[in-house]
Amino acid sequence: MLKNYFKTAWRNLMKKKVFSFINILGLTVGITVCMMIFLFIMNEFSFDNFHKDGTQIYRVMRGFKREGKLSDVAYLSGPYAPALLNDFNGQIQKAVRVNENDNLVTIGERSFHQKKVLNTDNNFFTFFSFPLIKGDPSTVLKNPNSVVLTETTAEKYFGDAEHAMNKVITIDKTIQLKVTGIAKDAPSNSHLNFEMVMPLENYKDRSWMTTWINNALYTYVLLAPGASEADIEKQMPAFMEKYMGADMKKYGFNFNLSLTPLKDVYFDKDSFDGIRHGDKTVVYIFLSVALLILLVACINFMNLSTVRAAERSKEVGLRKVLGALRYNLVWQFIGESVLLTTISCILSVALLLLIMPVYNQLLGYSLTISWNTYQVYAFLLGIIVVAGVLAGCYPAFVLSAFTPIQALKGKFRFGKEGVSFRHALVVLQFGISVFLIFGTLIITKQMNYIKNKQLGYNKEQTLIVRIDNEDIYKNMDVFKKGLLNTSGIASVSLMSGEPGGFFDGYTFDVEGHSERWNANTEFSDFDFVKTLGLKIIAGRDFSAQFPTDTTSAVLINKTAATKLGWSPSEAIGKWIKNTVRDDEKRRIIGVVDDFNFKSLKQNIDALVISPAMDRRVILVRLAPGDIQSKIASVKNEYINTVTGYPFEYSFLDEQFNEMYRKDIMQQRILTIFAVLAIFVACLGLFGLASFTATRRMKEIGVRKVLGASVNGITILLAKDLLKPVLIATIITLPACYYVMNKWLQNFSYKIPLSWWIFALAALLTLLIALVTVCIETMKAAIANPVKSLRTE
């Protein structure tokens, strides 16, 4: 029987090749999109789950309260780990410290700027489960002069992993390390991404390794079996009071420690650290889009399958006359549906393999996929069951319900309820399409607004050069002087962080305020305002004519003055003191107009600009003209100043855009999915148009005999078909407004939801639907009426 069902199903598919192609195409597109999103979701939720003791590993977080809000920072200083092991003996079994770094690597005459370097304790490879190709995890970092390269890094430096072992490399011209191990490349679903691992022991004398208050490391702990995260956290206030009580009192801090499970680190996007984070909201959005597109594909399949009832009525009647029961017919049609879905699944897998490189490029990283995992096969089986069985049930029951006499005469009736149900399906299909089109328009418009918004400073033609090595740090003033003597350089400034980058947060004592005040801080030279083109709205800028500005002056922004209860002019002359960095009070000599130094998802915050020493970035503003020649001049000056280190730079406007990389990625992917959803929905509307034309063929013939024009018949048919599309648009737009308005709340600076965006989304949907409907209705309208009336 099953063999017979299969043969019949295959013959029907081959008999109507165009119909089968359209049906399979719609399902294939829908299933492919679902699989793309499923793999993305599976990758997101697989982060850090490959570690053997992962369920017992936690990252220690330092929490503090700022302006009434609790914030978490992942950075701790070196003394924390040994103190935790000592004070929580029996509860904390192991600890490991990790410092992210980048270094100059020298091999013979060749030099490389090696990024993604981890400085760790020697138990890193036994604490975590990063596999080694060569080397013993327990001893590979035991010697301070050892280093572990990843497979890709070993190939880059030495040709292959085999030749890399026992080779010597020099770090930052001073530290010689022997390659003692080769690790597999860090998987893309690890929050720790590295290309080289070297012992932390080489930096044991740095301040962040010896001083409690200087924080720069991640600290991970492995809890002993039976130890409770909650019990340990209850003891943390006493721990902090014991080791940090005096410092917290002195500097006005109030820190506490907490534990974040390793599996939650990736999604802990509100914590401050240097790793890549995921967003569960984005995951759920993608999941919703996948379900919506699969629903559109299933509806499309149901409509197209039901359309064929007109052509298969005699087959159903004949089978019933020959003794077939209704359940036999139901299983036959469901079997055809499952076969068609299975073919679509196979094609989807093949299509997915072809487009994976493009998909990875859109995401910005490579998905970690194993086709041997049960989740992939369970997903495909689930698709076949859901799309094949459930979506095939409606047409199966409709087709099997015909009475033999009506079926054999070809005079079956679908009934008003059947037509209404199919129209409801089209409403749902195009409701989803309208939602995706509207969402895409809003996201695109918002991202364009962010890209083009005036940020309050000049970000054009400005280079960022990192102070990321000892040579440039020692010679940064010489480098700046050399640049200012070079033609084509408008301005140069040394600072602690560029707009869109990192800004320190400090506590201040302020004149007239009994409580200490928190603010972002920029440490810069006297050319900060000039280089960024900031506007002084009260007082004056730093000036070399006032030598005491270096030790006794600060600038603040307008928001800082407002938060302190002053107007810009009232702020001039008031004193302020950084509780950590300043020995003496500083006077506010100027107030700069507000500028967006952080993401546009945040309101402008208070900023204190101090000339105290802390330089990590050099901004070089180029004069108008030939950009490439001016970059070449900067490079030449860098090479003359710094020996051995490669010249690397980025543009300030690109730096700011990098903050919205994920939003831009979402915009691109959502746009693609919206196009695919409308494509599949149009296939369904095409099917409904075919069905309507078939059902009203004789009516069309009569109208043509009585003198109706082709245009008149086309409008008549199209009007009824476009009603559900119009209803879908009207129903969906309020939901679109609610959802996208919620999304826009993530941005402090956002576009208004103008009426024309709603109109454009509705117009696009109706226009696409009209073109789709007219293709089939015009075909029916120009058909020869003799063919439709000759049976009467």
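What comes next concerns the included structure. (Residues numbered from 1 in each chain as written. Predicted model: local features only at pLDDT ≥ 70, side-chain atom pairs only at ≥ 80, totals over all residues. Heavy atoms only, no water.)

On the secondary structure map, Arg276 appears in the loop between helix H9 (262-265) and helix H10 (280-307). A residue is classified by how much of its surface remains accessible, and Arg276, at 28% relative accessible area, is partly exposed. Ignoring any residue separated from it by four or fewer positions in sequence, one finds Arg276 in contact with Phe47, Ser188, Tyr266 and Tyr365. Of note is the side chain of Arg276, whose polar atom sits 2.9 Å from the backbone oxygen of Ser188. (Helix = DSSP H or I, 4+ residues; strand = E, 2+ residues; numbered from the N terminus. Buried < 20%, exposed > 50% of the residue type's maximum accessible area, 1.4 Å probe, protein only. Contact = heavy atoms within 4.5 Å. Polar contact = N/O pair within 3.5 Å; in protein donor to acceptor, adjacent residues only side chain to side chain.)

Here the focus is the packing of helix H3 (residues 80-87) against helix H8 (residues 229-251). Close contact between H3 and H8 brings their axes to 12 Å; oriented N to C, the two are set at 125°. When the axes of H3 and H8 are compared, the pair comes out oblique. The chirality of how H3 crosses H8 is right-handed. Counting all contacts with H3, which are made through Tyr80, Ala83, Leu84, Asn86 and Asp87, the residues of H8 involved are Met236, Phe239, Met240, Lys242, Tyr243 and Met244. Tallied by class, the residues present in the contact of H3 with H8 amount to eight nonpolar, one polar and two charged. (Axes fitted to C-alpha atoms, helices over the stretch in contact; angles between N-to-C directions. Parallel < 35°, antiparallel > 145°, perpendicular 65-115°, else oblique. Left-handed = near helix turned anticlockwise from the far one by under 90°. Nonpolar A, V, L, I, M, F, W, Y, C, P; charged D, E, K, R; others polar.)

Okay, the pairing of strand E10 (residues 218-223) next. Burial of E10 is extensive: six of the six residues sit out of reach of the surface. Where burial is concerned, the two faces of E10 agree: the one with Tyr218, Tyr220 and Leu222 and the one with Thr219, Val221 and Leu223 are both buried. Where strand E3 (residues 92-107) meets E10, six bridges bridge the pair, whose relative direction is antiparallel. Note on E10: the bridge partner recorded for Ala95 is Val221. (Pairing = 2+ DSSP bridges.)

Phe40, Phe430, Phe438 and Ile442 are the most contacted members of the largest nonpolar core, which totals 108 residues. Apart from residues lying up to four places away in sequence, Phe40 is in contact with Val282, Val283, Phe286, Tyr359, Leu363, Tyr365 and Leu367. (Core = buried A, V, L, I, M, F, W, Y, C linked by side-chain atoms within 4.5 Å.)

A few words now on the environment of Gly108. Relative to the helices and strands, Gly108 resides in the loop between E3 and strand E4 (110-120). Linking Gly108 and Ile169, residues 61 residues apart in sequence, is a C-alpha distance of 8.2 Å.

The next point concerns H3. Among all positions in H3, only Tyr80, Ala81, Ala83 and Leu84 are buried. For H3, the angular spread of buried residues about the axis comes to 165°, placing them on one side. (Arc of directions from axis to C-beta.)

This part is about helix H17 (residues 476-484). Of the positions making up H17, those classed as buried are Met476, Phe479, Lys480, Gly482 and Leu483. Each buried residue of H17 lies within a common arc of 165° when the element is viewed along its axis, so the set occupies one face. For H17, the exposed residues lying more than 90 degrees away from the buried face are Asp477, Val478 and Lys481. On its buried face, H17 sits against helix H16 (470-474), strand E13 (489-495), strand E21 (617-622) and helix H22 (627-641).

Let us now look at the pairing of strand E17 (residues 553-557). Regular strands have side chains that alternate between both faces of the sheet. Burial of E17 is extensive: five of the five residues sit out of reach of the surface. Of the two faces of E17, the one carrying Ala553, Leu555 and Asn557 and the one carrying Val554 and Ile556 are both buried. Where E17 lies against strand E19 (residues 586-592), five bridges are found, and the strand directions are parallel. Bridging from a neighbouring strand, Ile556 pairs with Val591 of E19. The pairing of E17 with strand E20 (residues 607-610) spans two bridges and is classified as antiparallel. Along E20, the bridge assignment pairs Leu555 with Ile609.

Strand pairing in a sheet relies on backbone hydrogen bonds, with the paired strands running either antiparallel or parallel. Pairing is antiparallel across the open sheet formed by four strands, whose spatial order is E13-E21-E12-E22. Looking at the sheet topology across the chains shown, the edges are occupied by E13 and strand E22 (650-651). Across six bridges, the pairing between E13 and E21 is antiparallel. When the sheet's bridge partners are listed, Leu494 is paired in E21 with Ile618. Running over the sheet, H17 touches E13 and E21 and is turned about 165° from E13. Packing against the sheet, H22 makes contact with strand E12 (462-466), E13, E21 and E22, and its axis sits at approximately 145° to E21.

As a further point, take the environment of Asn578. Along the chain, Asn578 turns up in strand E18 (residues 575-578). Under the relative-accessibility criterion, Asn578 is labelled buried at 2%. Through-space distance from the C-alpha of Asn578 to that of Arg516 is 9.8 Å; in sequence the pair is 62 residues apart. Residue contacts for Asn578: discarding those within four places in its chain leaves Tyr506, Thr507, Phe508 and Phe523. At 3.1 Å, the side chain of Asn578 and the backbone nitrogen of Arg581 are in polar contact.

To continue, consider the side chain of Arg586. Counting through the fold element by element, Arg586 comes out in strand E19. For Arg586, a relative accessible area of 5% puts it in the buried group. A polar contact of 3.1 Å, which involves the side chain of Arg586, links it to the backbone oxygen of Thr550. Not counting the four nearest positions on each side in its chain, Arg586 is found in contact with Asp549, Thr550, Thr551, Ser552, Ala553, Val554, Lys574, Trp575, Ile576, Ser610, Pro611 and Ala612.

Attention shifts here to the packing of aromatic side chains. Counted according to the given criterion, the structure contains 37 aromatic pairs. On the numbers, 4.7 Å between centres and 45° between planes, the contact of Phe112 with Tyr157 is tilted. Residue Phe112 is found in strand E4, and its partner Tyr157 is found in helix H5 (residues 151-158); the two are separated by 45 residues along the sequence. Side by side, Phe112 and Tyr157 carry an identical accessibility label, which is buried. Geometrically, the ring pair formed by Phe508 and Trp517 is tilted, given 6.0 Å between the ring centres and 50° between the ring planes. Comparing Phe508 with Trp517, the two get one shared label, buried. (Phe/Tyr/Trp six-rings, centres within 6.5 Å; stacked < 30°, edge-to-face > 60°.)

Here the focus is the pattern of salt bridges. Inspection of the entire model under this criterion finds 19 salt bridges. In this structure, the salt-bridge partner of Lys459 is Glu460, at a minimum N-O distance of 3.6 Å. Of the residues examined, Glu460 reaches a relative accessible area of 43% and is grouped as partly exposed. Residues Lys563 and Asp605 are paired through a salt bridge, measuring 2.9 Å at the closest nitrogen-oxygen approach. Highlighted residues: Lys563 in helix H20 (residues 558-563) and Asp605 in the loop between E19 and E20, separated in sequence by 42 residues. Here the residues in one salt-bridge network are Asp504, Arg581, Asp614 and Arg616, joined through shared partners. (Salt bridge = Lys/Arg side-chain N within 4 Å of Asp/Glu carboxyl O.)

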